[in-house]
Amino acid sequence: MAHAPSRLAHARPVPHIVTEIPGPRARAHVAYDETWTSPSLPRAYPIVPVRGEGLTVEDIDGNLFLDFAAGIAVTSTGHSHPKVVAAIKEQAADLIHFSASDFYLPIYAELCERLANLAPIKGGRARTYLGNSGAEVVETSIKLARYATGRQNVVAFLGAFHGRTYGAVSLTASKSKYHAHFGPLLPGVYHAPYGTVESLKWFDEVLFDKLVPANEVAAIIVEPIQGEGGYLVPEEGFLPGLREICDRHGILLIADEIQSGVGRTGAMWAVDLWDVKPDILLTAKGIASGMPIAGMVARADLLEKWGAGAHGSTYGGNPVACAAALATLDLIEAGLVDNARARGDQAMAGLRPLVTRFPRLIRDVRGRGLMIGLELDTAAHAEEVQWACFQRGLLVLQCGKSAVRMSPALTVSEDEMATALRIVGEAVTEVAARTDGISTAVPSGRFGSPRPRP
Ligand SMILES: Cc1ncc(COP(=O)(O)O)c(C=O)c1O
């Protein structure tokens, strides 16, 4: 058992389940929520959290969960890290908002400099724009790429997830339902096959030869490791090959590191794993431990092409969010990247035997650092494993067609990882034990039928 921090757990182990799951208060809350909130929200399962500390989450019924989902790979330093909380409190007491779009906020420029120095941008000299969310900086990067190159077309990848606003969702191609009934989408978007060196031939043989000349393509946007698409790690030569295509044709390479960045993969940025330098790098999620902020770091010469008023935002780079980001980066740079790598190795060693033990059910175990994916044979079985983990007090999250992802905080301890691996093993054993593969563990109703995770 992991030894949980004292504020939430006291002497209790983590996880510690004291009611049926979901408990009575959670069930009542889900009914209330579903009266008032947008049904478009793709809830995975009925966890109703009220407090968090490190990797421990207490739900509304007093159950303690071990969080290996981290708010969709966001709470990089764990829930409510004392140093992040202190930075937020201090900044909130000084100044909550002023708008860096129209005025000069010291902490905004400080974070821009920090990110520009941290991101491996081609050519070295970089500047930063701060927004509020991942999708928002994806939009920003499309605008900048078109503006700076004078070209209109953008290439994304099949399986990609870049967000849900109009430009971002036009690039997204992980599930057709994200496009359903929303068209027409942004014009000038093409989707390439992802991940293999062989597939890069598509650019010369299909895109540039048959669809659009290379000198009319502004940018190629890529997740160095696909996140929502299934935690897919590309072949070794894939990203360097993309860089070469971009260089050959004057196309900008945009690395969407919104999920893979800030140490999660055991490198500060996933592109570092392949020593590739993009022209534009996008960050969000883990950058501020849960405060809403996002960054677009770009070659300075690109940003210097667009003038005042070309882009901005009322809240983007809000001082409280900037304070959380700076505190988060201090923690990440003080050892958490190494921990992500070590705990990732521990996870791989623990999960890989499942492929040989349950060859029909477990098709693949993959990932880098703390982007860990377990591929099952069907979407229904992925959902069943997710549910069986939830019943045992471990929070994981489906992704892709039939995968379960583990994306804990980078502060995860060896004990916490061992506990999670034990629970995943038990969950897989339970699902494998069912002869026909049809779940009896997932109750009927809102969470009863296999629902693909967005
Ligand atoms: C790689 C990637 N890009 C963009 C986004 C969109 O970010 P947000 O939900 O903050 O708009 C996500 C969110 O999951 C993501 O994983």
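Residues numbered from 1 in each chain as written. Predicted model: local features only at pLDDT ≥ 70, side-chain atom pairs only at ≥ 80, totals over all residues.

Considering the overall build of the protein chain
Here is step 1: Across its full length, the protein chain holds 13 helices and 15 strands.
Here is step 2: By principal-axis analysis of the C-alpha atoms, the protein chain measures approximately 60 × 55 × 45 Å.
Here is step 3: For the protein chain, long-range pairs separated by at least 24 residues make up 76% of all intrachain contacts whose partners lie at least 6 apart in sequence. (Helix = DSSP H or I, 4+ residues; strand = E, 2+ residues; numbered from the N terminus. Contact = placed C-beta atoms within 7 Å.)

Details of the site of the ligand
Here is step 1: Around the ligand, 15 residues are found, and the nearest of them are G134, A135, G163, I258 and Q259.
Here is step 2: With three residues, helix α6 (residues 134–149) is the single largest residue contributor to the shell around the ligand.
Here is step 3: Grouping the amino acids of the shell around the ligand by side-chain chemistry returns six nonpolar, six polar and three charged. (Near = placed C-beta within 6 Å. Nonpolar A, V, L, I, M, F, W, Y, C, P; charged D, E, K, R; others polar.)

Details of the environment of D61
Here is step 1: As for its position among the elements, D61 is in the loop between β2 (56–59) and β3 (64–67).
Here is step 2: D61 sits 26 residues away from T35 along the chain, and the two C-alpha atoms are 20 Å apart.
Here is step 3: Setting aside anything within four residues of it in sequence, one finds D61 in contact with T19, G23, P24, R25 and A26.

Examining helix α4 (residues 82–94)
What sets the pattern is the α-helix's 3.6 residues per turn: residues three or four places apart point alike.
Here is step 1: Taking 1.5 Å per residue, 13 residues should reach 18 Å; α4 reaches 18 Å between its end C-alpha atoms and fits that length.
Here is step 2: Along α4, the positions that sit buried rather than exposed are V84, A87, I88 and Q91. One face of α4 carries all of its buried residues, which in axial projection span an arc of 100°. Of the residues in α4, the exposed ones pointing more than 90 degrees away from the buried face are A86, K89, E90 and A93.
Here is step 3: In the core, the buried residues of α4 are packed alongside α11 (319–357). (Expected span 1.5 Å × (residues − 1). Buried ≥ 20, exposed ≤ 12 C-beta atoms within 10 Å, placed from the backbone. Arc of directions from axis to C-beta.)

Side note on the packing of α4 against α11
Here is step 1: Viewed as axis vectors pointing N to C, α4 and α11 meet at an angle of 150°, and their least axial separation amounts to 8 Å. What the angle tells us is that α4 and α11 run roughly antiparallel. Pair α4 / α11 crosses with right-handed handedness. Residues K83, V84, A87, I88, E90, Q91 and A92 of α4 form the contact with α11, whose own contacting residues are P319, V320, A323, A324, L326, A327, T328 and L331.
Here is step 2: Split by residue class, the contact of α4 with α11 holds 11 nonpolar, two polar and two charged. (Axes fitted to C-alpha atoms, helices over the stretch in contact; angles between N-to-C directions. Parallel < 35°, antiparallel > 145°, perpendicular 65-115°, else oblique. Left-handed = near helix turned anticlockwise from the far one by under 90°.)

Some details on the sheet that holds strand β7 (residues 217–222)
Here is step 1: One open sheet holds the seven strands; their spatial order is β4-β10-β9-β8-β7-β5-β6, and the pairing between them is mixed. Whereas interior strands pair on both sides, the edge strands pair on one side only; in this sheet they are β4 (126–131) and β6 (189–192). Going from strand to strand, the sheet's axes swing by 20° on average, the running direction of each strand aside.
Here is step 2: As paired strands, strand β5 (residues 153–157) and β7 are joined by three bridges and run parallel to one another. Paired with N153 across the bridge in β7 is V217.
Here is step 3: Each of β5 and β6 is contacted by helix α8 (residues 201–211), which is oriented at about 155° to β6, the strand it contacts most. (Pairing = 2+ DSSP bridges.)

Nothing here speaks to function; it is all geometry.
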